[in-house]
Amino acid sequence: MTMKKLIKWTLNHVPRPLLQRIAGWAVPMAGLFYRGRGAECPVCGAKYRKFLPYGYVHARANALCPKCLSLERHRLLWLYLTRETDLLKCYPRTLHIAPEVCIMRHLKPHFAGHPGQYVTADLESPLADLHFDVQQIPLADDSVDVILCNHLLEHVADDRKALCELYRILKPGGWGILLSPVEADYEQTFEDDTITDPDERTRIFGQYDHRRIYGADYTDRLRAAGFEAADIDYAASFTDAERKLYALPADHIYAVYKH
């Protein structure tokens, strides 16, 4: 079995909580076969001749860092957080929903001397501090300075309700990064709750647990919840050589603010 087929099979057959537990040691072992130069992870600094393939349906080449498990979007997000925000220079109360392990490994030590200022949350992940449905967040109004919530809303039954909850808990003057896969060729977001069969969802939405395909109206949904939203083509700020070295995606950064 090739590496692409092995990773695809694992993603589609191993339960997510178990996958999160074993990935930390299994993926780095696979990375031993990719040692070299040609790709560099800006999150952990590791160098490989290329990154591992990754994908539920069609495995993307050069996607997964074997050391810290960052994907293309994680590397783009980390570059944005470290270069364009002051998150790593101060200690705002930060809620990190569906926390990416590669980024959490940096943020936890940064906030270690400030208990309660960095909180991770997920519906079921054993790695998270809190467990809740993002459609009903058990936090007070205006209680969080920063929200990081990435590639989650496409899984949620009522994403508009979830966005209103995120807006409710964010303090005035607060900000967040709310990334979702967006198909710019779609003028409107496509969703159909009558599609419940996992195989059919995979065929239509690209993943068995996705409920919608966001279109060019994604920022309109963010604004409808009350946020000021910015659609930032951050990858375009890097040179071709940098995009190749870091294996960055063409995805945009979606930043939100509450005034």
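Residues numbered from 1 in each chain as written. Predicted model: local features only at pLDDT ≥ 70, side-chain atom pairs only at ≥ 80, totals over all residues. Heavy atoms only, no water.

Draft legend 1. Structural detail: the overall build of the chain. The helix and strand inventory of the chain stands at eight helices and 13 strands. Counting across all 259 residues of the chain, residues that qualify as buried make up 47%. A fraction of 63% describes how many contacts in the chain between residues 6 or more apart in sequence connect residues 24 or more apart. Surface exposure of the chain reaches about 12700 Å², of which carbon and sulfur atoms provide 53%. (Helix = DSSP H or I, 4+ residues; strand = E, 2+ residues; numbered from the N terminus. Buried < 20%, exposed > 50% of the residue type's maximum accessible area, 1.4 Å probe, protein only. Contact = heavy atoms within 4.5 Å. Areas by Shrake-Rupley, 256 points an atom, 1.4 Å probe, with all protein chains shown as cover.)

Draft legend 2. Examining the environment of Glu84 more closely. Within the secondary structure layout, Glu84 lies in helix α3 (residues 72–84). In contact with Glu84, other than residues within four places in its own chain, are Leu79 and Tyr234. There is a polar contact of 2.9 Å between the side chain of Glu84 and the side chain of Tyr234. (Polar contact = N/O pair within 3.5 Å; in protein donor to acceptor, adjacent residues only side chain to side chain.)

Draft legend 3. Structural detail: helix α6 (residues 198–205). The backbone nitrogen of Asp199 has a side-chain oxygen 3.2 Å away, supplied by the residue at the start of α6, namely Asp197. Phi turns positive, to about 95°, at Gly206, one or two residues after α6.

Draft legend 4. Representation of the side chain of Arg201 within the structure. Within the secondary structure layout, Arg201 lies in helix α6. No salt bridge is formed by the buried Arg201; the nearest opposite charge belongs to Asp193, separated by 6.0 Å. In contact with Arg201, other than residues within four places in its own chain, are Ile195, Thr196, Gly206, Gln207, Tyr208, Asp209, His210 and Arg211. (Lys, Arg positive; Asp, Glu negative; His and termini not counted. Salt bridge = Lys/Arg side-chain N within 4 Å of Asp/Glu carboxyl O.)

Draft legend 5. Layout of the packing of aromatic side chains. This structure, assessed with the given rule, holds eight aromatic pairs. Ring geometry for Phe111 versus Tyr118: centroids 5.4 Å apart, planes at 15°, classification stacked. Classification of Tyr118 as buried rests on a relative accessible area of 8%. One aromatic cluster is present, built from ring pairs that chain together Tyr80, Tyr234 and Phe238. In this arrangement the basic side chain of Arg75 is found over the ring face of Phe51, its NZ or CZ atom lying 4.2 Å from the centre. Sitting over the ring of Tyr167, Lys258 keeps its end group 4.4 Å from the ring centre. (Phe/Tyr/Trp six-rings, centres within 6.5 Å; stacked < 30°, edge-to-face > 60°. Lys NZ or Arg CZ within 6 Å of the ring centre and 35° of its normal.)

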